Amino acid sequence: MSGFAGISVDEAVIRRARRGDAGAHESLYRALAPAVYTLALRLVKAPAAAEDMLQETFIEVMRSLPRYRGDASLATWVRRIAVSKCLMHLRSAWNRRAGEFGDGDSHEPVDGGAPVADSVGLRMDLEAALASLPAESRVVVWLHDVEGYTHREIGMAMQKTESYSKSQLSRAHRRLRGLLDGGAGEPGDAMSRATGALPGG
Amino acid sequence: MYEEKSTQTDRDLAEALRRLPQHEPPRGAWRETRRRAEREGLVRRPRRRRVRRDLEWLAAGAVAATVVFALLDLPLSGTSPAEEPVPVDETGFAATPAENDASLGSLMARSRLLEEALRAAPETPRVMRASTASTIATLEDRIAMIDQQLSFPERPLSEAEARALWRERVQLMNSLVQLRYAQARRVVL
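Everything quoted here is computed from the prediction, not taken from an experiment.

For chain B, the count of helices and strands is seven helices and zero strands. In chain B, the succession of helices and strands from N to C terminus is α-α-α-α-α-α-α. For chain B, the residues scored as buried account for 37% of the 189 residues in total. Within chain B, contacts between residues separated by at least 24 positions form 84% of all contacts whose residues are at least 6 apart in sequence. With the model as given, the accessible surface of chain B reaches about 12000 Å², and the carbon-plus-sulfur share is 52%.

A few words now on the overall build of chain A. Across its full length, chain A holds 11 helices and zero strands. Counted from the first residue to the last, chain A has its helices and strands arranged as α-α-α-α-α-α-α-α-α-α-α. Sorting the 201 residues of chain A into buried and exposed places 50% on the buried side. Summed over all atoms, the accessible surface of chain A reaches about 9000 Å², with 52% contributed by carbon and sulfur.

With that settled, consider the confidence of the model for chain A. Residue and element names in this part refer to chain A. Of all residues in chain A, 74% have pLDDT values of 70 or greater, and the mean over the chain is 81. Ranking the elements of chain A by mean pLDDT puts helix α6 (residues 114–120) last with 40 and helix α3 (residues 47–64) first with 96. Long-range and interchain partners of residues 105–123, a stretch whose pLDDT sits below 50, account for 33 contacts in this model, where long-range means more than four residues apart. This model gives residues 183–187 a pLDDT under 50, and the stretch forms five contacts once residues within four places in sequence are excluded.

Looking now at the nonpolar core. Nonpolar side chains in soluble globular proteins generally cluster together in the buried interior. Formed by 68 residues in total, the largest nonpolar core has its most connected members in A:Leu74 and B:Leu17. Take this core: its biggest share by element is 14 residues, from helix α2 (residues 22–44) of chain A. Counting residues in hydrophobic clusters, the runner-up holds 20 residues, among them B:Leu114, B:Leu172, B:Leu179 and B:Tyr181.

This part takes up unusual backbone geometry. Residue and element names in this part refer to chain A. Unlike most non-glycine residues, Lys45 shows phi in positive territory, near 75°. Mapping Lys45 onto the fold places it in the loop between α2 and α3. Overall, Lys45 belongs to the partly exposed group, its relative accessible area being 36%. The backbone of Gln159 shows a phi angle near 60°, a positive value even though the residue is not glycine.

Next up on the list: the packing of aromatic side chains. Scanning the entire structure with this criterion turns up three aromatic pairs over all chains. Look at A:Tyr29 and B:Trp30: their rings are 5.0 Å apart centre to centre, the planes differ by 40°, and that puts the pair in the tilted class. With A:Tyr29 in helix α2 and B:Trp30 in helix α2 (residues 29–39), this residue pair bridges two chains. Residue classification places B:Trp30 among the buried positions, given a relative accessible area of 5%. Each ring, one from A:Tyr68 and one from A:Trp77, has its centre 4.9 Å from the other, and the planes form 40°; the classification is tilted. Looking at A:Trp77, the relative accessible area reads 13%, which means it is buried. Three or more aromatic residues joined by ring pairs make a cluster, and in this case those are A:Tyr29, A:Phe58 and B:Trp30. Over the ring of A:Tyr164 we find A:Lys160; its NZ or CZ atom is 4.9 Å from the centre of that ring.

This brings us to the packing of α2(A) against helix α4 (residues 74–91) of chain A. Residues and elements named next belong to chain A. Viewed as axis vectors pointing N to C, α2 and α4 meet at an angle of 35°, and their least axial separation amounts to 10 Å. As α2 runs across α4, the sense of the crossing is right-handed. Every residue of α4 that contacts α2 at Leu28, Leu32, Val36, Leu39, Ala40, Leu43 and Val44 is listed here: Leu74, Ala75, Val78, Arg79, Ala82, Val83, Cys86, His89 and Leu90. Broken down by class, the residue content of the contact of α2 with α4 amounts to 14 nonpolar, one polar and one charged.

Attention now goes to the confidence of the model for chain B. All names here are of chain B. On average, residues of chain B score 72 in pLDDT, and 60% of them are at 70 or above. Averaged pLDDT values for the elements of chain B fall to 58 in helix α3 (residues 47–72) and rise to 92 in α2. Of the regions scoring below 50 in pLDDT, residues 75–95 engages in 39 contacts with residues more than four places distant in sequence or in other chains. Under the prediction, the complex receives an ipTM of 0.79, its pTM being 0.57.

So, on to the interface of chain A and chain B. Counting residues at the interface gives 43 residues for chain A and 29 residues for chain B. Taking both partners together, chain A and chain B bury about 3400 Å²; carbon and sulfur atoms supply 63% of that area. Per-residue buried area on chain A facing chain B is highest for A:Gln55, A:Met62 and A:Arg177; these three make up 14% of the total on that side. Inspection of the region where chain A meets chain B yields three salt bridges. As a salt-bridge pair, A:Arg63 and B:Glu40 come within 2.9 Å of each other at their nearest N and O atoms. Here chain A is connected to chain B by 11 residue pairs in polar contact (both at pLDDT 80 or more). With 12 residues, α2(A) is the largest single contributor of residues to the side of chain A that touches chain B. Class assignment of the residues belonging to the side of chain A that touches chain B gives a composition of 23 nonpolar, nine polar and 11 charged.

Conventions adopted
- Residues numbered from 1 in each chain as written.
- Chains lettered and ligands numbered in written order.
- Predicted model: local features only at pLDDT ≥ 70, side-chain atom pairs only at ≥ 80, totals over all residues.
- Heavy atoms only, no water.
- Helix = DSSP H or I, 4+ residues; strand = E, 2+ residues; numbered from the N terminus.
- Buried < 20%, exposed > 50% of the residue type's maximum accessible area, 1.4 Å probe, protein only.
- Contact = heavy atoms within 4.5 Å.
- Areas by Shrake-Rupley, 256 points an atom, 1.4 Å probe, with all protein chains shown as cover.
- pLDDT = per-residue confidence, 0-100.
- Core = buried A, V, L, I, M, F, W, Y, C linked by side-chain atoms within 4.5 Å.
- Phe/Tyr/Trp six-rings, centres within 6.5 Å; stacked < 30°, edge-to-face > 60°.
- Lys NZ or Arg CZ within 6 Å of the ring centre and 35° of its normal.
- Axes fitted to C-alpha atoms, helices over the stretch in contact; angles between N-to-C directions.
- Left-handed = near helix turned anticlockwise from the far one by under 90°.
- Nonpolar A, V, L, I, M, F, W, Y, C, P; charged D, E, K, R; others polar.
- Buried area = accessible area lost by both parts, 1.4 Å probe.
- Salt bridge = Lys/Arg side-chain N within 4 Å of Asp/Glu carboxyl O.
- Polar contact = N/O pair within 3.5 Å; in protein donor to acceptor, adjacent residues only side chain to side chain.

Right, here's the structure in full:
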């Protein structure tokens, strides 16, 4: 479940925050920061960068809250800001130079990821497998599978097409399956553990 | 058949991703964010809390000053130095009877306590009346002049001369401390 689901903020707190009340902004932060930080960590991967995204998001919330009309829930609105900040970060010149983002399929293995798992020589858990995906695949899979974005919304957010999002998701799933099933053990064991042994799974 | 299996696996995968644990932001992240927001003028401190804190702080300072004045046996009442410039003239201030009889050691101790009270006093407000600013400047100049005379005398000072200078210093410091607290009280109230 998305960390943003079920977060509700009192209207009075939002009104006070709109007026720039530091105490109200702290309340918003306490309610939303874990979800924002987790999202940022999944998308940008590096903890230091995720912390930067957390700060950027809340500074933007403070700047833009007077313009928040309440069409979507505050949590959804804040998530949109956080996603936008993370994508901006990933699209930044530095990340593009490092080949982390925006160069399409260049990091995609042909057979869906097994070579990566083999080279590591370990069966990876889901969190590590997710982190090992190329940034664009990671973003698509997280936004679609966890945050519930549609392919159209993902395409718009990433300035790509809807079909691009679909193909990225398909490849990301294939690669995740490959990573989880790679390494020692019977094929499918790790996948079963990742999808079945979690609480309630 | 393969497609069905794949879709089910993808659903399981998505479900497993949704169950990944949430991460707590690093400690201190909010403090950093708030500092930046304050620097950029995006938030303001709640006025009620600020005034309450100022009042608490002023009350603590006032208690400290009262203790000092009680120790010094100096008058706390009378004409407010903030309302009326302290009469500084060539001969200095009229000494209270207690100060006239005080030994050099006790005058130095009183001066030290007043220094501490002054350090604990609220900061000088940015805006103040010209007469008040002038009085503060005069007092501080006189204290600096006395410190110069005590530290680097042109000739060795007799005990009576040193006592007169220390007595004057105590009186000047007393006026300065009272003035600073009267000023802070007016700013807060």
